[in-house]
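As a plain string of letters, each chain reads:
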Amino acid sequence: MKTWKKLLLCFVSITGLCLISAAIIIACSDEPDPYDYYTSFFNPNIQGEKDFGAFYFTDYRFTYTDDEPVSEAAINAAEWANYLGQPVIAADVEKIMYHLDSAGKERAYHFFEQDPPAADSLASSKFLWALKDPAREGAKKYYQFAQRAELLGQSNYNYWEPAPLDTAGLKTLASEALQSATEESDPFLKLRYFYQAQRLNHYAANFSEAKNIYDQHIAKTSSKSHIKGWALALKAGEERRLGDTTQAAYLFSKVFAEYPERRLQAYRNYHYIGAPFDDVLKLARTPEEKANLYAIKGFANSEIETDNLNQVYSNAPSSFMVGVLLVREINKLEQYYLTPALNNNTDQFYSNRSLVKTEPQQQTGAKKWLLWTGLIVLLTGIVVLFAVFKNQQNKPGIKIAGGLLTLVGAVCMVWFFMHKSNGAVQAEQLPQGSFFVTMPDSVKTKYDAHIEKLRNFCTKLTSDAKYSEPQIGTLTNAYLYFMQNKPDDGLAALDKLDGQTLNAKIGDQKQIVNLLLSAQRIKQLKAVDEASLLPSLQWLNSKVKAGGKPKTDAYPPPPDSQNQFEITQRNFYNYVLAPAYLRQGDTARAALAMLNSQPNNGPQYRDHMFKQMPDFWYNYLHSAQLKQVINWKTHRPANPYLAFLSMALKQVDYSNLYELLGTIQLREHHYQDAVGSFGNEDANLKFARVDEAGISNGNPFIVTINDYGQPDTRGLNKLQFAQKMAELKAKLKNDPKNADVYFQMATGIYNTSTYCDSWNLISYIWSSYDFGRKQMYYYDGDYIKTSFAKQYYLKARELSTDPEFKAKCTFMAAKCEQKEHEAPSYMDNYAAYEKREKAFLKAIKQNSHFKEMQEYKATRFYKRAVNECSYLSDFIKSN
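Residues numbered from 1 in each chain as written. Predicted model: local features only at pLDDT ≥ 70, side-chain atom pairs only at ≥ 80, totals over all residues. Heavy atoms only, no water.

One can describe the packing of helix H17 (residues 307-315) onto helix H18 (residues 320-341) by two numbers: an axis separation of 9 Å at closest approach and a directional angle of 165°. Taken as axis vectors, H17 and H18 run roughly antiparallel relative to one another. Helix-helix and strand crossings are classified by hand; for H17 and H18 the assignment is left-handed. Residue-level contacts link Asn308, Leu309, Val312 and Tyr313 of H17 to Met321, Val322, Leu325 and Leu326 of H18. (Axes fitted to C-alpha atoms, helices over the stretch in contact; angles between N-to-C directions. Helix = DSSP H or I, 4+ residues; strand = E, 2+ residues; numbered from the N terminus. Parallel < 35°, antiparallel > 145°, perpendicular 65-115°, else oblique. Left-handed = near helix turned anticlockwise from the far one by under 90°. Contact = heavy atoms within 4.5 Å.)

The following block contains the structure:
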């Protein structure tokens, strides 16, 4: 095979493998909840839910829901019930027409015959008995015809054995319907026969004839029946099939506006056609028709804009579409601007904020002397070099001096500019008095401009008072001030709604916006501020409880199954209150806020323990903070605000709290305290929970050359590990020069790292991505870097005189030093990943303690390590 063919085959194989891998990853990855994937506090259902709820904003679906605003079956049944009169009711008609299975429909068809007995469900039908009345012979005849037409028009398509529609039969039945319509004198039945004639021709792909029936008969009918809307939808499809896509789009816009039971269908068909908007707009005859077209266009636009909103308002200021489009723009801002601005719920933020209060920021003014010194030295060096070369002086000493001055000056300036912002990053990321992170100027400018456009519109909406609920303009304006971090302006805007009559949904949204602005205005949370927030938090909690539990376990949940107040409460505690406490260094209160953010009925995929407490608790709480939380659970706080937040602790078992406390104390090396926590009588652990949650896969006190596994060893649970480490620590206190104790403690700590079998003694989760990652959690010094273990190994070596023991200590210190190097991640910089990986692999082999191992060549341990450790072997070969 030629070389180019081999390369081509290799390329195709690799490409195919990559595509298959990508497909598998995509197929197995979690899907975002299309109704809850960005941080939102503005509930869309405060506007137009009944008629236009399908067009609320979501960037993950073409429409917010797949359900039409009104049931077509309900409308048709109501028309039949009204036509037949009492005692026929719409529910009875709908049941017979739409909810019978095939066998039931067959029995209903023959109900009018004398001989076959009817089932009880049919015998009690007032609708069927009304049709059986001799005076209703025409209605009975149409009902039976409609059943035949439905059966023939059904497309039971078998993917493996496709069978085409009986177009000849459809056309024959269409002719029968047309003939019956001509002969029928009852307007109600006459219209329906014409509709059947059009519909059957349409299904038979006889589009010209179907269109003619609509134009000649249905369009001229003065009836207000919704049958005319369904016929108009067929006419739009026929125009499209016959090539006039502009007319088709226009007709679908009319169906969209006038017939809610076909609104989504018309909306989808309009966009599927793809007719030029300006061409369609020219066909609009009234301002209302123009408004419908602009609304259809606006509902499909996921980017921020106000043009369609303004056009709809200009043409139809009282339409509910105005409110829906306005709220869509607010929700877009929440996704594109507010969510990034509230990017305070990340591991990096927690890592920076959950340890201690922020240290005073280091000022760069004291280092400005370095900038000026560097500049002067640099200019001096350049002047010296310029003079030497200009005068063509052959003085090596002066040349060297000039070069050094230039180099030193340049280094000083580079160092200043690289380090001038050190210590100020946290302040820039989260300014004092704000839970918003700092956005880039370009982003802020873009969205501030859009916000001002929306504010101008809201002001006009309120002042004109042409919209049915002009208060939505004032409410939206206040929320826009929240997004801009202007709480005083927002509260002033909200005050304008005082004394006005608001519907329940707008009133609830006002309460939420007031809570947000009130919290935003607080620069430092104190008791007085907490007391002012308490009534709003109690109100929000009552709304969550009133909303009940989710109606379904489906994922993603349908919008009508979600408790919007629960989402609002979660977002407030997670993105507003908890970050405010973290900003001022009160991690215990932040933890309590996060606990209140999660519902009692947590996700089913999490085990019992993890359902009870937020993830934050497992990675960021220290023992002092968790003890404070436990104290709030044990002794109900007298402070009403803290007492309210502490009620969430009822859902957390003492056993889980003390298990977590003991684990945290293991991380902090407070082993005797951990023994007390794991054995706490109030916790009622009885060892079962400890065994279940924390038994290690291997003995943490056994040394292995390689990190992968200890076959045939028995693990310890967390209590046993704590007891052993506490015992060793006590020995060390009595005998501070005991090398063997240092070594055992170092081994116990090292084996709880992510690289060894006993990692689950200090961590609740393990990931392959933990290998060599940057430090994120406070216990990563042990879990990732193994720094403390290295110190103890070196101390043990220092105290020993045994070459075998010293060799073992040196090798284990070398393993710890390897963990100090940060492994590259292709997620950070894919382009440079390969280069960085080579540098990383080289670095972990060039280990200073490997060099020291040469002193112990004569030991048995050295020979064993060389045979089993490829890193040590490679180091020896390269030196």
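Let's pick the thread back up.
The linkage connecting Gln86 with the following residue, Pro87, adopts the cis geometry, with an omega of 10°. Among the structural elements, Pro87 can be located in the loop between helix H3 (72-84) and helix H4 (90-98). At Asn485, a position not held by glycine, the phi torsion is positive, near 60°. In this structure, Asn485 sits in the loop between helix H24 (471-483) and helix H25 (487-495). Phi is positive for His669, close to 65°, though the residue is something other than glycine. As for its position among the elements, His669 is in the loop between helix H34 (654-667) and helix H35 (671-678).

Take the packing of aromatic side chains next. Under the definition given, this model contains 56 aromatic pairs. Ring centres 4.4 Å apart and planes at 80° place the aromatic pair Tyr37 and Tyr60 in the edge-to-face group. Residue Tyr37 is located in the loop between helix H1 (3-28) and helix H2 (49-52), and its partner Tyr60 is located in the loop between H2 and H3; the two are separated by 23 residues in the primary sequence. Given the relative accessible area of 47%, Tyr60 is considered partly exposed. Ring centres of Phe435 and Phe436 lie 5.5 Å apart, and the angle between their planes is 90°; this geometry places the pair in the edge-to-face category. Take Phe435: its relative accessible area is 4%, and that puts it in the buried class. For Phe436, a relative accessible area of 7% corresponds to the buried category. Through successive ring pairs, a cluster of aromatic residues spans Trp80, Tyr83, Phe111, Phe112, Phe127, Trp129, Tyr142, Tyr143, Phe145, Phe188 and Tyr193. The ring of Phe111 is capped by Lys132, whose NZ or CZ atom sits 5.0 Å from the centre of that ring. A cation over a ring is seen here: Arg136 above Tyr83, with NZ or CZ 5.5 Å from the ring centre. (Phe/Tyr/Trp six-rings, centres within 6.5 Å; stacked < 30°, edge-to-face > 60°. Buried < 20%, exposed > 50% of the residue type's maximum accessible area, 1.4 Å probe, protein only. Lys NZ or Arg CZ within 6 Å of the ring centre and 35° of its normal.)

The topology assignment puts Arg263 in helix H14 (residues 263-273). Buried charge without a salt bridge: Arg263, with Asp51 as the nearest opposite-charge side chain at an N-O distance of 4.5 Å. Among the polar contacts listed, one links the side chain of Arg263 to the backbone oxygen of Asp51, at a separation of 2.8 Å. At 3.3 Å, the side chain of Arg263 and the backbone oxygen of Ala257 are in polar contact. Once you skip the residues sitting within four places of it in the chain, Arg263 turns out to touch Asp51, Phe52, Phe55, Glu68, Pro69, Phe256 and Ala257. (Lys, Arg positive; Asp, Glu negative; His and termini not counted. Salt bridge = Lys/Arg side-chain N within 4 Å of Asp/Glu carboxyl O. Polar contact = N/O pair within 3.5 Å; in protein donor to acceptor, adjacent residues only side chain to side chain.)

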